[in-house]
Amino acid sequence: MDLQARLAALLSEYQEKIAQARTEQELRKVFADYGGPQGAIRVQQKEAIKSAPNAEKKAIGQLSNQVVQSVEKLFEERLRALADEARRRDLERVVDVTLPGRARPLGHLHPVTLARRDIVEIFGQLGFTVAEGPQVETDFHNFEALAMPKDHPARDMQDTFYVAGASDVVLRTHTSPVQIRTMLSQPPPVRIIAPGAVYRKDDDPTHSPMFNQFEGLCVDEGITFGDLKGVLLHFTQRFFGADMGVRLRPSFFPFTEPSAEIDISCVFCRGQGCRTCKQSGWIEVGGAGMIDPEVFAHVEYDAERYTGFAFGMGIDRMAMLRYHIDDVSLMFEGDVRFARQFR
Ligand code: FA5
């Protein structure tokens, strides 16, 4: 059989096989077997060229190239036919246009996000702007400038995560370093609120190793403890409802003097006394006080002229109280069924 006859036989074999191919994948395989670089036609071509006298080589090349072109053309036609068939089958499928649509699942804001947004809005209306600071903080901003030099016993109140290999870099243990960053970057008057994540070696049903606080700082001439109490009372009543009370209980923080623990009336019993508030009618939500002159010295504010107050509260704690959630770990598990319940 001469080359022409062999190629014609291959071509008709090929035609039969592509007609049988039912999927694009099958079709591509048949094409590769015949028309591809290692396919039967190229093999025939190479063998024929090798054994032919020089004068005939060109004609052999042309002939087999023509056959390959036909193979390609047939492949493309069959590919189009397969696509058309698939489309026709799709169109023939019966669609019941009266069926209800499938609703797309909607995401939900986390209770901590909801609480943070409300906090920022309430303080925004009092003229407080939002300030931010890094979560990986220097020892200076987190402790030193807040009147907690190294070896100060108050450092033990906040069990600290240190960054490996850097003894004076920590994961911030509270949002108070944002006070320092803000005062270092601008002169008084200052009125900021600083929400954000903080970290402590703490882990039980009401304490989490990562949690959120918001810091408040107000510095100007003539700011008093009465202003602090007024702002906290206004905030609490907007956030929890008009019948909520605030109590400031004497306490100690190295960076404020006098200092106080902030209690709000128990959200469960509205101050009547219950198991959660241990019958006291009050629940602790944060700390506060008047800025200590030592802190003003670190940021070069004139303590003779200016006074100020600061407070720091747990956002997670506030959200838990507002939505009556009894385990802080639920807040961080990322279960969408949990988030879905809060609006
Ligand atoms: C502080 O962190 C001070 N920086 C607050 C402050 C700011 C005082 C400005 C004075 C002036 P304390 O460690 O008490 O204080 O934390 C404040 C609040 O954060 C707590 O009342 C609580 O609501 C919340 N909190 C503390 N630890 C955790 C924790 N592990 N998990 C969840 N919330 C926490």
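Up top you'll find the structure we're talking about.
Please read all numbers here as calculations on a predicted model, not as lab measurements. (Residues numbered from 1 in each chain as written. Predicted model: local features only at pLDDT ≥ 70, side-chain atom pairs only at ≥ 80, totals over all residues. Heavy atoms only, no water.)

1. Structural notes on the pairing of strand 7 (residues 256-265)
The cut-off we apply is this: Buried, partly exposed and exposed residues are distinguished by accessible area as a fraction of the type maximum, computed with a 1.4 Å probe on protein chains only: under 20%, between the cut-offs, and over 50%, respectively. Each helix corresponds to a stretch of at least 4 residues labelled H or I by DSSP, and each strand to a stretch of at least 2 residues labelled E; elements are numbered beginning at the N terminus. DSSP calls a pair of strands paired once it identifies at least 2 bridges connecting them.
Counting buried residues along strand 7, 8 of its 10 residues qualify, which places the element largely inside the surrounding structure. Summarising the sheet, strand 6 (residues 246-253) and strand 7 pair through 7 bridges and their orientation is antiparallel. Paired with Val-246 across the strands is Ile-264, a residue of strand 7. Remark: 2 residues form the turn of the hairpin made by strand 6 and strand 7, two consecutive strands paired antiparallel. With 8 bridges connecting them, strand 7 and strand 8 (residues 282-291) associate as antiparallel partners. Note on strand 8: the bridge partner recorded for Ile-264 is Ile-283.

2. Observations concerning the environment of Ser-280
Along the chain, Ser-280 turns up in the loop between strand 7 and strand 8. Along the sequence, Ser-280 and Ser-265 sit 15 residues apart, while their C-alpha atoms lie 9.0 Å from each other.

3. What to know about the layout of surface pockets
As a reminder of what qualifies: Detection works on a 1 Å grid of protein atoms alone, calling trapped sets that fit a 1.4 Å probe cavities and calling open sets with protein on both sides within 12 Å along at least five of seven lines pockets, with lining residues defined by an atom within 4 Å of a point. Grid points are joined across faces, edges and corners, and a volume is the space filled by probe spheres set on the points. Each residue receives one of three labels: charged for Asp, Glu, Lys and Arg, nonpolar for Ala, Val, Leu, Ile, Met, Phe, Trp, Tyr, Cys and Pro, and polar for the others, Gly being one of them.
Taken as a whole, the largest pocket encloses approximately 1,200 Å³ of empty space. The wall of the largest pocket is formed by 47 residues, among which His-207, Glu-284, Val-285, Gly-286 and Arg-317 lie closest to the centre. Those elements that place two or more of their residues in the lining of the largest pocket are strand 5 (210-220), strand 6, strand 7, strand 8, strand 9 (307-314) and helix 10 (315-323). The biggest single contributor to the lining of the largest pocket is strand 8, with 8 residues. Among the residues making up the lining of the largest pocket, the classes are represented as 17 nonpolar, 16 polar and 14 charged.

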